[in-house]
Amino acid sequence: MGKKRNSLIVILFFIGFAVMLYPLVSRTYYDYRGNEEVTAFQEGLDQISSAESQDQLREAQAYNNALLSGNMTPQEDPFSEEEKESGLAEYARFLEVREKLGVLTIPKIDMKFPVYAGTSEPVLQRGVGHLEGTSLPIGGLNTNSILTAHRGLPENKLFTDLDQMELNDLFFVETAAGQLAYEVSEIKVIEPTEIEALRIEQDRDLITLLTCTPYMVNSHRLLVIGERTELPVEEIGEAVSMSWWRPLWSIVRDYIWVLIIILVAVLYFIGQAYHSNKRRD
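Residues numbered from 1 in each chain as written. Predicted model: local features only at pLDDT ≥ 70, side-chain atom pairs only at ≥ 80, totals over all residues. Heavy atoms only, no water.

Draft legend 1. Geometry of the overall build of the protein. Within the protein one finds 7 helices and 8 strands. The buried share of the protein, taken over its 281 residues, is 47%. The contacts in the protein between residues at least 6 apart in sequence include a share of 71% that link residues at least 24 apart. Total accessible area on the protein stands at roughly 14,500 Å², and carbon and sulfur atoms take up 58% of it. (Helix = DSSP H or I, 4+ residues; strand = E, 2+ residues; numbered from the N terminus. Buried < 20%, exposed > 50% of the residue type's maximum accessible area, 1.4 Å probe, protein only. Contact = heavy atoms within 4.5 Å. Areas by Shrake-Rupley, 256 points an atom, 1.4 Å probe, with all protein chains shown as cover.)

Structure, rendered in structure tokens:
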């Protein structure tokens, strides 16, 4: 009877172990996949000729100018049911490199993300989406590019830590236009229906990072608004060359309590097994 009880305890322990460890393993896996996507984009960018790159930028600029002429704003909240059901956007195909628009790097939260066109649910499950109807992220006055991602997903970290951003923090966007630096100029929380907050602002070069808030409640939207800033190439290069362990540590530290519990449980079972063997001896 005692052996059966011990076996049941061990089985329950390993089930609990697997459940607690799943988010850590999943987030580590998706971070690895995200890094592969980032590398693929950068390799593809290196293979594009200067003429092709200029063609991409001309088309992207024409798109942004068309938006400006009507001062368009998005018609839907990116997390609405309508947007979730929409297909992969075709509007930005000309700017894509290996199916990605670019790379978003946020040193403050130790994360680097691939950026995709559109805000369909498959896009938001694997990376950062560019909100349709907003400026493409190539820089230039009279632009406001909205980049959005989920937070609080058990399997992928994405914008979970975006609320840690503060005024004057830097983030970077790499596209066919090169590596562009943005400094956080405003942080605000809005209702999902306050689409006016995403408008283009005259004579400003903006990128707005958008996600749901409060954490796990998701009733409002958090906007982290960055304005273009000029930095030396060397400084940008140093900021975006993130060591592989930084995103990994950012994920692991969120689950340090899980690892401590597992360690204590393992030590407990080792101790129990040791004392059981001693008694038999």
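There's plenty left to go through after this.
Draft legend 2. Structural view of unusual backbone geometry. A cis amide bond, omega -10 degrees, links Thr213 with the succeeding residue Pro214. Its place among the elements puts Pro214 in the loop between strand S7 (205-213) and strand S8 (220-229). Positive phi is not limited to glycine here, since Arg98 has a value of about 50 degrees. Along the chain, Arg98 falls in the loop between helix H3 (81-85) and strand S1 (102-106).

Draft legend 3. Molecular detail of empty space enclosed by the protein. If you walk through the whole model with that rule in mind, you get 2 cavities of 30 Å³ or more. Of the pockets and cavities examined, the largest cavity occupies roughly 120 Å³. For the largest cavity, the lining is made up of 14 residues, of which Tyr30, Asp31, Met111, Phe113 and Asn156 are closest to its centre. Those elements that provide at least two residues to the lining of the largest cavity are helix H1 (2-47) and strand S2 (111-117). With 5 residues, the top contributor of residues to the lining of the largest cavity is H1. Its residues assigned to classes, the lining of the largest cavity shows 6 nonpolar, 3 polar and 5 charged. (1 Å grid on protein atoms, 1.4 Å probe; cavity = no way out; pocket = protein on both sides within 12 Å on 5 of 7 lines; lining within 4 Å. Points joined across faces, edges and corners; volume = space filled by probe spheres on them. Nonpolar A, V, L, I, M, F, W, Y, C, P; charged D, E, K, R; others polar.)

Draft legend 4. Quick look at the nonpolar core. Within the largest apolar cluster, 41 residues are counted, with the highest numbers of intra-cluster contacts made by Leu104, Ile106, Phe159, Phe171 and Leu209. Among the elements of the structure, H1, helix H2 (50-70), S1, S2, strand S5 (170-175), strand S6 (178-190), S7 and S8 are those that each provide at least two residues to this core. Excluding residues within four positions of it along the chain, Phe159 makes contact with Leu104, Ile106, Phe113, Val128, Leu147, Thr148, Ala149, His150, Arg151, Leu209, Leu210 and Thr211. Ranked by size, the runner-up nonpolar core spans 9 residues in total, among them Leu131, Ile190, Leu198 and Leu206. (Core = buried A, V, L, I, M, F, W, Y, C linked by side-chain atoms within 4.5 Å.)

Draft legend 5. Here's a closer look at the side chain of Asp161. Inspection of the secondary structure puts Asp161 in the loop between strand S4 (143-148) and S5. Those residues in contact with Asp161 that lie beyond four places of it in its chain are Ile109, Ser250 and Asp254.

Draft legend 6. Region of the structure containing the environment of Glu194. Looking at where Glu194 falls in the secondary structure, it is placed in the loop between S6 and S7. A polar atom in the side chain of Glu194 sits 2.6 Å from the backbone nitrogen of Glu191. (Polar contact = N/O pair within 3.5 Å; in protein donor to acceptor, adjacent residues only side chain to side chain.)

Draft legend 7. Representation of the sheet that holds S1 in the model. One closed barrel holds the 8 strands; their spatial order is S1-S2-S3-S4-S7-S8-S6-S5, and the pairing between them is mixed. Within this sheet the neighbouring strands show an average axis-to-axis angle of 30 degrees, counted without direction. Alignment of S7 against S8, held across 8 bridges, turns out to be antiparallel. For Ile207, the partnering residue across the bridge sits in S8 and is Gly226. (Pairing = 2+ DSSP bridges. Axes fitted to C-alpha atoms, helices over the stretch in contact; angles between N-to-C directions.)

Draft legend 8. Just the packing of aromatic side chains, in detail. All told, the structure shown has 2 aromatic pairs when counted by the stated rule. An angle of 15 degrees between the planes, with centres 5.8 Å apart, marks the rings of Phe171 and Tyr182 as stacked. Taken together, the residues span a long stretch of sequence, with Phe171 in strand S5 and Tyr182 in strand S6 at a distance of 11 residues. Judged by its relative accessible area of 0%, Tyr182 falls in the buried class. In this structure, Arg126 packs its charged tip against the face of Tyr116, placed 4.0 Å from the ring centre. (Phe/Tyr/Trp six-rings, centres within 6.5 Å; stacked < 30°, edge-to-face > 60°. Lys NZ or Arg CZ within 6 Å of the ring centre and 35° of its normal.)

Draft legend 9. Quick look at a nonpolar patch on the surface. Taken together, the side chains of Trp249, Ile256, Ile260 and Val264 make up a nonpolar region of the molecular surface, amounting to roughly 380 Å² of accessible area. For the nonpolar patch, the element with the most residues is helix H7 (residues 256-280), which contributes 3 residues. When you line up the elements, Ile260 lands in helix H7. Since its relative accessible area comes to 48%, Ile260 is described here as partly exposed. (Patch = residues over 30% accessible without salt bridge, like charges linked within 9 Å, V, L, I, M, F, W, Y side chains within 5 Å. Salt bridge = Lys/Arg side-chain N within 4 Å of Asp/Glu carboxyl O.)

Draft legend 10. Geometry of the pattern of salt bridges. Counted under the stated rule, the structure contains 15 salt bridges. Lys157 is paired through a salt bridge with Asp161; the nearest N and O atoms lie 2.8 Å apart. Owing to a relative accessible area of 2%, Lys157 belongs among the buried residues under this scheme. Judged by its relative accessible area of 8%, Asp161 is buried.

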